[in-house]
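# Overview (structure and organization)
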Amino acid sequence: MNRPTLNRCPKCNSNQLAIVNGPPQCLECGWKQGVINRPNWDEYFMEIAYVTAKRSTCPKRSVGSVIVQDHRIVATGYNGAPAGAPHCPGDGPEGHPSCIEHGHCVRTIHAEMNAIIACAAAGVKATGGTLYATAFPCPRCMGAIINAGIKRVIYAEGYSKMGVSLLIAREVGMEVEKLSAKPKE
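In this report, we go over the structure that sits alongside the text. (Residues numbered from 1 in each chain as written. Predicted model: local features only at pLDDT ≥ 70, side-chain atom pairs only at ≥ 80, totals over all residues. Heavy atoms only, no water.)

## Structural notes on the packing of helix α2 (residues 111-122) against helix α3 (residues 139-147)
In the contact formed by α2 and α3, the axes pass within 9 Å of each other and the chain directions differ by 25°. Considering the angle they form, α2 stands roughly parallel to α3. As α2 packs across α3, the resulting crossing turns out to be left-handed. Along the contact surface, α2 presents Glu-112, Met-113 and Ile-116, while α3 presents Arg-140, Cys-141, Ala-144 and Ile-145. Split by residue class, the contact of α2 with α3 holds 5 nonpolar, no polar and 2 charged. (Axes fitted to C-alpha atoms, helices over the stretch in contact; angles between N-to-C directions. Helix = DSSP H or I, 4+ residues; strand = E, 2+ residues; numbered from the N terminus. Parallel < 35°, antiparallel > 145°, perpendicular 65-115°, else oblique. Left-handed = near helix turned anticlockwise from the far one by under 90°. Contact = heavy atoms within 4.5 Å. Nonpolar A, V, L, I, M, F, W, Y, C, P; charged D, E, K, R; others polar.)

See the structure below:
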C-alpha cells in the first residue's frame with residue numbers, strides 16, 4: 001500500500017520532513033504523521049491569545065493576552081478603548097490628533113493591562129502566573145506585569161520598544177520567551 005508523499009509539514013508548513021524509523025516526522029516542530037498532534041501548553045494558550053486579539057477594537061493593531069495559573073486561564077485581555085467609551089474611529093487614531101502623542105495612540109488600553117485589570121476586577125491573583133501575548137509588551141505593560149507578580153512572559157511578535165521592556169524584565173529575573181509558531185488561520 002502506497003502512502004501519500006508529504007512535501008511540507010501540515011502543522012508548521014516547514015519542508016524539514018524526514019522518515020526516521022517510522023512515519024514522516026517534521027524536524028522543525030516535531031509533528032509525526034499518524035500521531036495525535038496536540039499543541040503543547042504554550043502553543044495552546046498562545047492560540048487562545050490570538051483568538052482573544054480578534055476582539056480588539058483598535059484599527060491600528062490587534063493584540064491579545066492570556067494570564068495562566070497552573071494550566072488554567074485566569075484572565076484574558078485585548079487592546080481597545082476603555083470600557084464604556086466609544087471605540088477608536090474606523091480610520092484609526094491618525095485621523096484624530098487628540099488620540100496621538102509622540103506618534104503613539106494614547107486612547108487604547110493594551111491587552112496585557114486589560115488582562116491584569118480583569119484579574120483585579122475578579123479578585124484573582126496573577127502572582128506566579130504566565131502571561132501569553134501576541135505582541136511583546138511595551139515598557140509600561142512590562143512594569144505592570146512585573147508588579148502583578150507574573151513570573152513568565154511568552155510572546156509571539158516583536159515590538160519596536162522591546163529592548164527597554166526586555167531590559168526591565170531581565171533586571172528582575174523574569175523569564176521571557178518567544179514562541180515562534182503563529183497559529184494557522
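## What about the nonpolar core?
Core analysis: the biggest nonpolar cluster contains 21 residues, and Ile-67, Ile-116, Ala-126, Leu-131, Ile-145, Ile-150 and Met-174 have the highest contact counts within it. Listed by contribution, the elements that provide at least two residues to this core are α2, β7 (130-135), α3 and β8 (152-157). No other element matches α3, which puts 4 residues into this core. Formed by 10 residues, the second largest nonpolar core is a distinct cluster that contains Met-46, Val-66, Val-68 and Leu-179. (Core = buried A, V, L, I, M, F, W, Y, C linked by side-chain atoms within 4.5 Å. Buried < 20%, exposed > 50% of the residue type's maximum accessible area, 1.4 Å probe, protein only.)

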